[in-house]
Amino acid sequence: MSRMTESVRKVLSTMKFDISSPEETAALGQVFGAASVPGTCLVLCGDLGAGKTNFAKGVAAGLGVTEAVVSPTFNIVQEYRSGRLPFYHFDLYRLNFEDELEQIDYYAIIEDEGVSLIEWGDKFPALLPVDYLLVTIIITGSAARTFEIEAHGERSLHLLMECAAALGGQSSGVDA
Amino acid sequence: MIILALDTSTEQLALALARVHDDGGYELLATHDEPAPRRANTQLVPNIDTLMASCGLTASALDRVACGRGPGSFTGVRIGIATAKGIATGLHVPLHGISTLDAIAWRVHASGYRGDFGVVDDAMRGEVYPVRYSSAEKGPVRQTVDSVAKPDVISRMWAEDATGPMLVCGDGLKKYGAVFAAAFEACGKADLLTLAEDDLNHVSGEGLVAAFCDASKKNMLDSGDAGALLPLYTRLSDAEENERKRSASESVPKSGVADERAIGGLILRPLSRRDVPSVAAVERAAFIDGASGDAWSEGMLEDELGREDRIWWVASEGGEIVACCGGWVVDGTVHILDVAVVPERRNEGIAERLVRRVAHDALDLGATRITLEVRVDNKAAQALYSKLGLEEEGIRPHYYPGGIDACIMSGDLPLARSTGARRAGAAGGTRAAVAGMEVRDSVVHVDTSSEVHPLILAIETSCDETAAALIDGAGNLHSDVLASQIDFHARFGGVVPEIASRKHTEAIVGVVEEALLVAGRDLGNPQLDFRDLDAIAVTTRPGLVGALVVGLAFAKGLAWVCDLLLIEVDHLEGHIYASRLITPDIEPPMIALLVSGGHTMLVHAKAWGEYEILGETLDDAVGEAFDKVAKALGLGYPGGPILSKLAKDGNPRAIDFPRAMLHSGDLKFSLSGLKTAVITYIRAEEEAGRALDLRDLAASFQQAVIDVQVAKALTAVKQTGASEFCLGGGVAANPALRDALRLKMEKQGVRVTLPSLSACTDNAGMIAAVGLARYDAGRFSSFDCDALAHGSIDVAY
Ligand SMILES: Nc1ncnc2c1ncn2[C@@H]1O[C@H](COP(=O)(O)OP(=O)(O)OP(=O)(O)O)[C@@H](O)[C@H]1O
Ligand SMILES: [Mg+2]
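In this convention, every chain numbers its residues from 1, walking through the sequence in written order. Note on labels: chains are lettered from A, ligands numbered from 1, in written order. Given that the model is predicted, a residue must reach a pLDDT of at least 70 before its local features are reported, and side-chain atom pairs must reach 80 or more before they are shown or counted; all residues, however, enter totals for whole chains, interfaces and linings. Computation of side-chain values covers all heavy atoms of the structure but excludes hydrogens and water.

## So, the packing of helix α18 (residues 622-632) of chain B against helix α19 (residues 639-647) of chain B
All names here are of chain B. To be explicit about the condition: To obtain each axis, a line is fitted to C-alpha atoms, and for helices this fit is confined to the stretch in contact; angles are then taken between N-to-C directions over 0 to 180 degrees. Secondary structure counts use DSSP, requiring at least four H or I residues in a row for a helix and at least two E residues in a row for a strand, with both numbered from the N terminus. For classification purposes, an angle smaller than 35 degrees is called roughly parallel, one larger than 145 roughly antiparallel, one from 65 to 115 roughly perpendicular, and anything else oblique. In this description, contact between two residues means that some pair of their heavy atoms is separated by no more than 4.5 Å.
In contact at an axis separation of 8 Å, α18 and α19 are set at 70° when each is read in the N-to-C sense. Accordingly, the angle class assigned to the pair α18 and α19 is roughly perpendicular. Between α18 and α19, the contacting residues are Phe626, Asp627, Val629 and Ala630 on the first element and Gly639, Gly640 and Leu643 on the second.

## Regarding the coordination of the magnesium ion (ligand 2)
Residues and elements named next belong to chain A. Rules: Distances decide who is a donor: an N, O or S atom must be within 2.8 Å of the metal, or within 3.2 Å for Na, K and Ca. Water is not included, so sites may look incomplete. For every residue, the accessible area (1.4 Å probe, protein chains only) is compared with the maximum for its type, and the residue is labelled buried under 20%, exposed over 50%, or partly exposed between those bounds.
Taken together, Thr53 (OG1) and Glu119 (OE) make up the protein donors of the magnesium ion (ligand 2), found 2.0 to 2.2 Å from the metal. Taken together, the positions of threonine 53 in helix α3 (residues 52-62) and glutamate 119 in strand β5 (residues 115-119) put the pair 66 residues apart, joining distant regions of the chain. Here threonine 53 and glutamate 119 have matching classes, each one buried.

## A word on the interface of chain A and chain B
Using the following cut-off: The term buried area refers to how much accessible surface (probe radius 1.4 Å) is lost by two components on association, counted for both of them together. Throughout this description, the term salt bridge denotes a Lys or Arg side-chain nitrogen within 4 Å of a carboxyl oxygen of Asp or Glu. Each polar contact in these results corresponds to two N or O atoms within 3.5 Å; when the atoms are within protein, one needs to be able to donate a hydrogen and the other to accept it, and residues that are neighboring in sequence are counted only if both atoms are side-chain atoms. Here the term charged refers only to Asp, Glu, Lys and Arg, the term nonpolar to Ala, Val, Leu, Ile, Met, Phe, Trp, Tyr, Cys and Pro, and the term polar to all other amino acids, Gly among them.
Every contact between the two is made by 32 residues of chain A and, on the other side, 40 residues of chain B. Of the roughly 3,000 Å² buried between chain A and chain B, counting both surfaces, carbon and sulfur atoms make up 54%. One can count 2 salt bridges joining chain A with chain B. Here B:Arg38 ties to A:Glu79 by a salt bridge, and the two come within 3.9 Å at their closest N and O atoms. Where chain A packs against chain B, one counts 7 residue pairs in polar contact (both at pLDDT 80 or more). Listed by contribution, the elements that provide at least two residues to the side of chain A that touches chain B are β3 (77-80), α4 (100-103) and α5 (106-110) of chain A. In the side of chain A that touches chain B, the residues fall into 14 nonpolar, 6 polar and 12 charged.

## So, the site of ligand 1
Note the threshold: Note on terminology: near, applied to a residue and a molecule or strand, indicates that one of the residue's heavy atoms is within 4 Å of it. Per-residue and other accessible areas were derived by the Shrake-Rupley procedure at a 1.4 Å probe size, with only the shown protein chains allowed to occlude residues.
Every one of the 23 residues lining ligand 1 counts as a neighbour, but A:Thr25, A:Lys52, A:Thr53, B:Lys628 and B:Lys675 are closest to it. Chain contributions to the surroundings of ligand 1 come from chains A and B. Note that a nitrogen atom of ligand 1 is positioned 3.3 Å from one of the backbone N or O atoms of A:Ser21. Measuring from an oxygen atom of ligand 1, one finds a backbone N or O atom of A:Ala50 at 3.2 Å. Protein chains shield 92% of the accessible area of ligand 1, which is 640 Å² for the free molecule. Elements represented by at least two residues in the shell around ligand 1 include exactly α2 (22-35) and α3 of chain A together with α20 (672-687) of chain B. Residue contributions to the shell around ligand 1 peak at 4 residues, all from α20(B).

## Quick word on the sheet that holds strand β27 (residues 610-616) of chain B
Residue and element names in this part refer to chain B. In plain terms, the rule: For two strands to count as paired, DSSP must find a minimum of two bridges between them.
A sheet is described by the order of its strands in space; here 5 strands give the open sequence β27-β26-β25-β28-β29, paired in mixed fashion. The open sheet has two edge strands with one neighbour each: β27 and β29 (751-753). Across this sheet, the average inter-strand angle for adjacent strands is 20°, counted without regard to direction. As defined by bridge partners, strand β26 (residues 600-607) adjoins β27 across 6 bridges and the pair is classed as antiparallel. Residue pairing across strands places alanine 605 opposite tyrosine 611, the latter belonging to β27.

Right, here's the structure in full:
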């Protein structure tokens, strides 16, 4: 990592994955969950029904969470404690105003040593942590999705590379 | 006088118990300060209890409570204030608010520091709460009012102003210490700045006591009314702030919801640009003789809009504006600029309601005083203002046309609460206002004037209604009081969590006192006191934690101080017990289908209090699916009622949407596939240039939901052999779902209990019913219990 030149780093900081089923989405999430470290923050954006919660289920599985992961839209944040690290699943869909984040302890949680995943995380761009992975899901067909994952910050870049390496070893139709 | 002081508005838990002497001096009996980030709710009451015990005192020894009201973390400060309200309400002692920053300033003073200093607490979102002080021998003197500011701006200002040594402290230094250092460096004043060490950055129990005594000596304490005490927010909620910005620009339409509700009732809302001509007309009508002041012209009103320090509210009925009131916040004081009511609507209390709204917003903007002028011969207005706690301060001669003098009246914020109206309300169908919300009691009062213990008070704040009820040991409800915030949220097109929590904090004392009062009358014991009760039941799950903690913290304070048992209640169990309030002889085993914005589950109630979750949704809840489909269609919020109305005239077989999990062989649900299918369908139709038939789409979507719900509910009934079925949750109001369930269930010989349409929303009556059952089962909780976003009712709690 440390020997990497600036230009290489730029190219590697964004990756694209073409996905063709919900199962593959979950599998992709699982790889990121397995590689997550304390403080990892995944910011998800994409239309209604793009598969953000689906991806989150995979991340949780990768962390070893045993509870059932469901859409956190109503409660806005859901905590899962059964995995290797605390998993904080946010959904900012219902929120329209920045101060509502304080209600749910957003600031304290994302600075915490768990793993945070934020659906509709692009809603308040000014309030994202310094280091995060931006996961953009584009609907390309009824079951087809394109995932664009962009690292912001050193720690996330490291995570992204690790996941890319792990995925490279699989022949699951994921291409980096 | 023994005083308890507490503060949880920052990450520090600060507590003190002190004896305050008549001369304003104090003697500390015990203090407890510890960092408790995100643990205030579980740590506060147990620590108060330990503190009191360490001094050999019981709760009843307290003569007064002082509580830090921030500024700080909104949730943190609400926990402290709600707990303090519970304690003061139970003991009938005064509760005073103390500025958290002043308490830190007194701590700095106590450390021996003399000279200029500033306190900056972290306000999150890249901002701080700054206040400047100078410290003389007698104590710190505040130089600025409470506000919220960007660290780089405030640090530059302080650096530029600095003429001598300056100490900066507060928990904002953790993030922004370097910003202050850089600002002083840039001014070439690095040698003047000292950044405080650990302890001086946090509020302490002793600091609170010192700040209290100082305010008391200077006669600057607030009224001590527990119901009126509010957190110091220093800003409106973002929702309100945004609304003001929007309404200052012409293009934005007024909220349709508010207008619809306006028919037949008076509604209050902030002034918007399109109101200006009507308000100017109200002004002309109100000041027709020109004798009591000048009417505001359209131009003057226009100029007020969008100014950050101005607050204007209007009252309208049936779309017509009948009154308005404006205020200007300068240096911590709100100056009432204008109160105008059309002549035919005077003496209805409209002016009072408007002045209260303006005063309320002013408080959020950091004002602590209110001042205004009134004609010396206008005795009615003067009477109103004295009722609000204002006092005559002087005369401004020849202020009004015709040489009439103005009487200047001023007072503290928050304004005194109105008690007259509440006390006068007759038992049964009481209507009064708490914090601007209409309060109603929905119990049909029968004559049951013998007290059957246990008497249990129930409190519910899990969503957007503040509710309290009182039940007796025989299961009779003696009050079921609810303050609805719907008027506040309707303005924003949906429940705004931050506003819900603010309103709970404002309404909790009034609602709980009303529930006690009404129940006392009903029981033929108007003197009924909180101490006569046996337990307090409170919703602790599931829901928005920020809202739940307000009810829970209040319940803990009240239960602790009155020595009552504390009972936690799961809101979902409440929905199951609600069936018993409708069908009194309903008995388990029964199947409950709970469907709301946050839940979709089939529960097998084997006995009261013993549940098995047979199946839940794997992804989205039913209410959530309705809301999201409505949103995708651009139909607004809440989606359920809108779609079901459209569906009534549509063809449910027009579009074949997937029935997910219909044949999965289990009782689980999945709705995300249906959501995605509907959205995909909408997109495809739009791309093909075909117009959508909204009614057919809504009917087909709704049918797909109902088919699965009904089929699984039937399977559950067959599997378990239950002969009773009940429905609960917000989606229980869906007419098509109700009809389908009733039809299919009754065909199987199963009795169906459906909540009345009005009871689909949340009330405390059902929480009280669960509370009683849990009381009988001996399920009590300690004061360190917490609010949970999620709970599983199949696990005993
Ligand atoms: N390749 C895919 N990846 C993910 N989901 C897919 C895919 N193909 C189809 N789907 C379907 O799309 C739906 C995605 O729903 P999900 O609730 O995960 O979306 P979401 O982005 O979280 O939506 P929301 O904006 O409501 O939170 C699921 O029903 C899933 O089966
Ligand atoms: Mg989702």
